[in-house]
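For reference, the chains in residue letters:
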Amino acid sequence: MSEKIAINPQIEESWKNVLSDEFGAGYMKELKKKLVEEMEQGIVLYPPAKQIFNAFNLAPFDKVKVVILGQDPYHGRGQAQGLSFSVPDGVKPPPSLLNIFKEIENDLGVKMPEIGNLEGWARQGVLLLNAILTVRADIPASHRNIGWEKLTDAAIKALSDKREQIVFLLWGKFAQEKEKLINAERHLVLKSAHPSPYSANAGFFGCKHFSKANEYLSKTGQTPIDWTNI
């Protein structure tokens, strides 16, 4: 029964207020029911329950400056921590993250640390949001269309509607499908290929999104992101 309690993690207060209607909606109740049923069947889910809302908890609604949108959590043991592209300390950075670091080095002329934990970005106001917040072990996209996308779409739209001058980094086709939720007159939307090894050479390398994001933040009176602080 303790697992049932664990599947009900707390979410940071400002996000809780913004998304209160979503959390009270029927689809969220059904989503939680499905997760509990899978856990009771012995199915391993990632990330750990207490980290499902990590992206929101580390980057409160009023502090978000940049949004980096991923698809769903890593499905390998010990990799997912509730932040898109990020892995915990001690876990080898996956290929897409290494390509992100490579682009930062080329763009900004700085050397990136050899760790893959991006909590330092999140604490500076980078919302590292996966569109889908859970996954079955070893089965990518296994929780697609169970409800998470409705919640995260609502989060993106709330940022677009209620905030101003946020940078949205949309890498790859999946992320770019969310562009329709964003008011480009109020925010900066930057698009490129996905940093995956399969597509990074098709436009991610050389996109210079990190310097462009900081230029926009500076121009709008905001503190730029220290991309080396992870």
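Owing to the predicted nature of the structure, the values given are computational and were not obtained by experimental measurement. (Residues numbered from 1 in each chain as written. Predicted model: local features only at pLDDT ≥ 70, side-chain atom pairs only at ≥ 80, totals over all residues. Heavy atoms only, no water.)

Chemist: Explain the UniProt feature "active site" (unreviewed entry) in the chain here, please?
Modeler: Summarizing the sequence annotation, UniProt attributes the feature "active site" (unreviewed entry) to Asp72 in the numbering used throughout. Assignment of secondary structure puts Asp72 in the loop between strand S2 (66-70) and helix H6 (95-108). For Asp72, a relative accessible area of 17% puts it in the buried group. Apart from the residues within four sequence positions on either side, Asp72 is in contact with Asn130, Ile132, Val135, Pro140, Ala141 and Ser142. There is a polar contact of 2.7 Å between the side chain of Asp72 and the backbone nitrogen of Ala141. (UniProt positions renumbered as here; feature names shortened; annotations may be inferred. Helix = DSSP H or I, 4+ residues; strand = E, 2+ residues; numbered from the N terminus. Buried < 20%, exposed > 50% of the residue type's maximum accessible area, 1.4 Å probe, protein only. Contact = heavy atoms within 4.5 Å. Polar contact = N/O pair within 3.5 Å; in protein donor to acceptor, adjacent residues only side chain to side chain.)

Chemist: Which parts of the structure should I look at to understand the environment of Thr228?
Modeler: Considering the arrangement of structural elements, one finds Thr228 in the segment after helix H10 (209-219). Residue Thr228 is classed as partly exposed on the basis of its relative accessible area of 30%. In sequence terms Thr228 and Gly120 are 108 residues apart; their C-alpha atoms lie 8.7 Å from each other. Apart from the residues lying within four places of it in its own chain, the contact partners of Thr228 are Val110, Lys111, Met112 and Pro113. At a separation of 2.6 Å, a polar atom in the side chain of Thr228 contacts the side chain of Asp226.

Chemist: Sorry, what's going on with the packing of aromatic side chains here?
Modeler: How two aromatic rings sit relative to each other is given by the distance of their centres and the angle of their planes. One pass over the structure, following the stated rule, counts 11 aromatic pairs. Consider the rings of Phe23 and Phe53, whose centres lie 5.7 Å apart with planes at 90 degrees: the pair is edge-to-face. Here Phe23, found in helix H3 (residues 20-23), pairs with Phe53, found in the loop between strand S1 (45-46) and helix H5 (54-58); they are 30 residues apart in sequence, far enough to count as distant. On the basis of relative accessible area, Phe23 is assigned to the partly exposed category, the value being 25%. Residue class for Phe53 comes out buried when judged on its relative accessible area of 5%. (Phe/Tyr/Trp six-rings, centres within 6.5 Å; stacked < 30°, edge-to-face > 60°.)

Chemist: Looking at this structure, I do not really get the UniProt feature "domain: Uracil-DNA glycosylase-like" (unreviewed entry) in the chain. What am I missing?
Modeler: Residues annotated by UniProt as "domain: Uracil-DNA glycosylase-like" (unreviewed entry) correspond here to residues 57-217. Between the end C-alpha atoms of residues 57-217 the distance is 22 Å, and the span holds 31% helix and 14% strand.

Chemist: Just to check I follow, could you spell out the packing of helix H4 (residues 26-40) against helix H8 (residues 148-162) for this structure?
Modeler: When two helices pack together, their arrangement is given by the angle between the helix axes and by the axis-to-axis distance. Two elements in contact, H4 and H8, have axes separated by 9 Å at closest approach and are oriented at 130 degrees. If you check the angle between H4 and H8, you find them oblique. Residues Tyr27, Met28, Leu31 and Leu35 of H4 lie in contact with H8, whose contacting residues are Trp148, Lys150 and Leu151. For the contact of H4 with H8, the residue count by class is six nonpolar, no polar and one charged. (Axes fitted to C-alpha atoms, helices over the stretch in contact; angles between N-to-C directions. Parallel < 35°, antiparallel > 145°, perpendicular 65-115°, else oblique. Nonpolar A, V, L, I, M, F, W, Y, C, P; charged D, E, K, R; others polar.)

Chemist: Teacher, can you tell me more about the side chain of Gln124 here?
Modeler: On the secondary structure map, Gln124 appears in the loop between helix H7 (119-123) and strand S3 (126-130). Looking at Gln124, its side chain comes within polar contact range of the main-chain nitrogen of Asp226, at 2.8 Å.

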